[in-house]
Amino acid sequence: MAKHQFQTEVNQLLQLIIHSLYSNKEIFIRELISNASDALDKLKHLTLTDENFKKFDFNPRIDIFFQEGEGSTLTIADTGIGMNEEELAENLGTIAKSGTRNFLQSLTGDAKRDSNLIGQFGVGFYSSFMVADSVEVISLKAGDDKAWRWVSDGKGEYEIEPSYRDTPGTSITLHLNEEGQEYASRWTIENVIKKYSDHIMFPIFLHYDDVTMSEEEGEKTVNTDQAERQINAASALWKRSKGELKDEDYKEFYKTISHDYDDPMFWVHTHAEGAIEYSTLFYVPGTAPVDMFRADYVPGVKLYVKRVFITDNSKDLLPVYLRFIRGIIDSEDLPLNVSREILQHNKVMQKIRSASVKKILNEIESMKNNNREKYEKFYQQYRVPLKEGLYQDYENKDTITNLLMFRSSKAEGYTSMEEYVTRMESGQKYIYFITGTLKENLKNSPLLEMYKQKDIEVLIMEDEIDELVCGTALGRFKDFDLKSVNRIDAAEDLKTETDKEREKEVEPLINKFKTILGDAVKNVKASARLTDSPACVVADETDPTIQMQHIMRAMGRAELASFKPILEINPQHEIIQKLINSNDEGLINDTAFLLLEQSMLIEGMELLQGAEFVKRMNRMMERAL
Ligand code: ADP
């Protein structure tokens, strides 16, 4: 008998599961049954598509046995694909999924939140250790002739040895602990299955002792027969009509397909008939999937053809930006042996995909129009992928644009593009936005002073992706171009005659500054946008903004981020006014640099010569004291 150690992460997870899912321990049945159902799906697929399995006598079913009293057990057996020795070790001894470490780090100790995260992580099988002292798995992989037995008490080790099973499939026997006693009962099992697994497509049979009394010639006898009864409806929920289904049905089904323990935020159920026929059922999880921002995210939509499971591992069923969607696509027109390549190029699939995206976006849009509070909750979690849609999905750009909302310099909460436009000042030619990360920082940015004074609203774009979205992908909304306040040209159209006169007045000082600052800046200009601050830095018309340069550096592309800033000075500010009349070369020199340096600091830029900056500061302090 070969002893193996669990992967360290498995041990950690086992601990976590036992502690955080404790109050909801019955879900282990759902987990084991949904694994059994997946295994049946996989074998069914083989029997329909693989020559070697064409003659296979497939009798798909899930059987549940239990033993009450002393040494009580619960067994869940399926006639699915089964596992060989390596697969047992791999699937039940490690966590193959990416991001395990990240996941463990993201746990907070808040039981409700953690259990939700655990659910999304799909640690299904391990949940059986909540109710069992030891778990025994006997499995024969379809096509193999050797069966294997895996056994563990969930305390760091498991064993694998040769075993016996006459047909392919897997039986999982839980040796119930004290907490698990209640599951060795016909009544409890039936209830839990009804609650969680009624829509499993394969029949689930519960085996129990049927006790009857008989009387013959005055003599009573008690007969105990093994009986079985199918306890689930076994119909594909997504094929049923919407009228037949209750919210609870949708929610429970979501939990069986998503491994999420919380309710979904909402769902969209569609039956399409006509040229092509299909059903789709899509869900938006209540909490964004933990791998949403990982390139190796696990896709959440399963493809079925005529109710036969095809794949749950295709990233082509929906566009990448909708990767947070969970659900089912079931087509009547695709071939069963549809391959990856076919999925990518097949006309039917493309139509289903395109109609599905529209359906999902429309549902989101109507939520925005009818339930703003709910929409804002959705938006909090999913706005970044949604924004990716602006440059990934040209066809739906307008719809996605209508879904956008941003913080604003004028209004609390979120402002949509439409709302911005209706609030625009008369004569305002552009939609102004400022990018950057910290909301409070942005609200105090010197770049916004003029807009505040002129009462012009500026959208505050906090996500890194906004730089790409608004700078490039969006560009225009209705009749208005978007203009970044972080650039030189943003203030041009707002200049008044007085501004122009003031510009003349500071020209000699600006020329001095240009000589002093030399290579440190791209240019020095008089600013019309400042009121309280003496200076600010901005990006040239076609240069990436300072925030964009941050992103480029973070992506390791420093060579793309070496654009110099333009220094704008405020002709009205006292410091500038005093400098105009000063002949003190040393003072002008230090002030020029200090104005540049303070402006760079406010924008979160790094000073190249920190030591020089400190010296200048000290000289200024000496003068003042
Ligand atoms: P998940 O189901 O989320 O992948 P589990 O820990 O429940 O996580 O299962 C791990 C893996 O073990 C499954 O992905 C599957 O490959 C395999 N497995 C579990 N139960 C069965 C079963 N009854 N038959 C075949 N394979 C199974």
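Remember, it's a predicted structure, so these values are computed and weren't measured experimentally.

1. Here we look at the pairing of strand 6 (residues 157-163)
For step 1, the next point in the chain: With four bridges connecting them, strand 1 (residues 2-5) and strand 6 associate as antiparallel partners. Bridge pairing in strand 6 links Ala2 to Ile160.
For step 2, the next point in the chain: Of the strand pairs in this sheet, strand 5 (residues 147-152) and strand 6 are connected by six bridges, and their pairing is antiparallel. Its bridge partner being in strand 6, Arg149 is matched across the sheet by Glu161.
For step 3, the next point in the chain: Hairpin connection from strand 5 to strand 6: four residues lie between these consecutive antiparallel strands, with Gly154 at a positive phi of about 70 degrees.

2. Remarks on the pairing of strand 5
For step 1, the next point in the chain: A large share of strand 5 lies buried, amounting to six of its six residues.
For step 2, the next point in the chain: Of the two faces of strand 5, the one carrying Ala147, Arg149 and Val151 and the one carrying Trp148, Trp150 and Ser152 are both buried.
For step 3, the next point in the chain: Taking the residues that link successive antiparallel strands as the turn, the strand 4 (residues 132-140)-strand 5 hairpin has six residues, and the phi of Gly143 there is positive, at about 100 degrees.

3. Some remarks on the nonpolar core
Side chains of nonpolar character tend, in soluble globular proteins, to be buried together.
For step 1, the next point in the chain: Grouped together as the largest cluster of nonpolar side chains are 76 residues, with contacts concentrated most on Leu303, Ile325, Tyr375, Phe378 and Ile431.
For step 2, the next point in the chain: Per-element accounting of this core gives the leading share, eight residues, to helix 9 (residues 347-370).
For step 3, the next point in the chain: Each residue touching Ile325, except ones within four places of it in the same chain, is listed here: Phe282, Tyr283, Val284, Gly300, Val301, Leu318 and Ile360.
For step 4, the next point in the chain: By size, the runner-up hydrophobic cluster in this structure holds 72 residues, among which are Ile160, Tyr183, Trp238 and Leu245.

4. Some thoughts on a nonpolar patch on the surface
For step 1, the next point in the chain: A cluster of nonpolar side chains, Val211, Met213 and Val222, forms an exposed patch at the surface whose accessible area comes to about 320 Å².
For step 2, the next point in the chain: Assignment of secondary structure puts Val211 in strand 8 (residues 204-216).

5. Some points on unusual backbone geometry
For step 1, the next point in the chain: For Lys306, which is not glycine, the phi torsion reads 45 degrees and is therefore positive.
For step 2, the next point in the chain: One can find Lys306 in the loop between strand 12 (301-305) and strand 13 (308-311).
For step 3, the next point in the chain: The backbone phi angle of Asp455 is positive, close to 65 degrees, even though this residue is not glycine.
For step 4, the next point in the chain: On the secondary structure map, Asp455 appears in the loop between helix 14 (449-453) and strand 18 (458-461).
For step 5, the next point in the chain: Judged by relative accessible area, which is 41%, Asp455 ranks as partly exposed.

6. Brief notes about the packing of aromatic side chains
For step 1, the next point in the chain: Applying the stated criterion to the full structure yields 24 aromatic pairs.
For step 2, the next point in the chain: Each ring, one from Tyr250 and one from Trp267, has its centre 5.1 Å from the other, and the planes form 25 degrees; the classification is stacked. One end of the pair, Tyr250, is in helix 7 (residues 247-258); the other, Trp267, is in strand 10 (residues 264-272), and 17 residues separate them in sequence.
For step 3, the next point in the chain: Given a relative accessible area of 5%, Tyr250 falls into the buried group.
For step 4, the next point in the chain: Geometrically, the ring pair formed by Tyr375 and Tyr379 is tilted, given 5.7 Å between the ring centres and 35 degrees between the ring planes. Placement of both Tyr375 and Tyr379 in helix 10 (residues 372-392) is noted, with a separation of four residues, approximately one turn of the helix.

7. Regarding the packing of helix 16 (residues 497-517) against helix 19 (residues 585-602)
A pair of packed helices is characterised by two quantities: the angle between their axes and the separation of those axes.
For step 1, the next point in the chain: Helix 19 packs onto helix 16 with a crossing angle of 80 degrees between their chain directions and a minimal axis gap of 10 Å. Classified by the angle between their axes, helix 16 and helix 19 sit roughly perpendicular to one another. Between helix 16 and helix 19, the contacting residues are Leu509, Lys512, Phe513, Ile516 and Leu517 on the first element and Ile588, Asn589, Ala592, Phe593, Leu595 and Leu596 on the second.

8. A look at the sheet that holds strand 13
For step 1, the next point in the chain: Taken together, five strands build an open sheet; the order of strands is 10-11-14-12-13 and the sheet is mixed. Bordering the open sheet on either side are strand 10 and strand 13, each of which pairs with just one other strand. Neighbour to neighbour, the strand axes of the sheet diverge by 20 degrees on average, direction disregarded.
For step 2, the next point in the chain: Contacts between helix 7 and the sheet are confined to strand 10, strand 11 (278-285), strand 12 and strand 14 (326-331), with strand 11 contributing the most and set at about 80 degrees to the helix.
For step 3, the next point in the chain: On the sheet, helix 10 packs against strand 10 and strand 11 and is oriented at approximately 95 degrees with respect to strand 10.

9. Some remarks on the sheet that holds strand 8
For step 1, the next point in the chain: One open sheet holds the nine strands; their spatial order is 1-6-5-4-7-3-2-8-9, and the pairing between them is mixed. At either margin of the open sheet sits one strand with a lone partner, and together these are strand 1 and strand 9 (219-230). Strand after strand, the sheet turns through a mean of 20 degrees between neighbouring axes, direction not considered.
For step 2, the next point in the chain: Packed onto the sheet, helix 6 (residues 186-197) meets strand 2 (62-67), strand 3 (73-78), strand 8 and strand 9 and runs at close to 145 degrees relative to strand 8.

10. Regarding the environment of Asp296
For step 1, the next point in the chain: With respect to the helices, strands and loops of the structure, Asp296 is situated in the loop between strand 11 and strand 12.
For step 2, the next point in the chain: Among the residues examined, Asp296 registers a relative accessible area of 34% and is labelled partly exposed.
For step 3, the next point in the chain: For the pair Asp296 and Glu559, spaced 263 residues apart in sequence, the C-alpha separation works out to 28 Å.
For step 4, the next point in the chain: Reaching out from Asp296, the side chain makes a polar contact with the side chain of Arg294 at a distance of 3.0 Å.

Calculation criteria
- Residues numbered from 1 in each chain as written.
- Predicted model: local features only at pLDDT ≥ 70, side-chain atom pairs only at ≥ 80, totals over all residues.
- Heavy atoms only, no water.
- Pairing = 2+ DSSP bridges.
- Helix = DSSP H or I, 4+ residues; strand = E, 2+ residues; numbered from the N terminus.
- Buried < 20%, exposed > 50% of the residue type's maximum accessible area, 1.4 Å probe, protein only.
- Core = buried A, V, L, I, M, F, W, Y, C linked by side-chain atoms within 4.5 Å.
- Contact = heavy atoms within 4.5 Å.
- Patch = residues over 30% accessible without salt bridge, like charges linked within 9 Å, V, L, I, M, F, W, Y side chains within 5 Å.
- Areas by Shrake-Rupley, 256 points an atom, 1.4 Å probe, with all protein chains shown as cover.
- Salt bridge = Lys/Arg side-chain N within 4 Å of Asp/Glu carboxyl O.
- Phe/Tyr/Trp six-rings, centres within 6.5 Å; stacked < 30°, edge-to-face > 60°.
- Axes fitted to C-alpha atoms, helices over the stretch in contact; angles between N-to-C directions.
- Parallel < 35°, antiparallel > 145°, perpendicular 65-115°, else oblique.
- Polar contact = N/O pair within 3.5 Å; in protein donor to acceptor, adjacent residues only side chain to side chain.

Any functional reading would require information that these geometric values do not contain.
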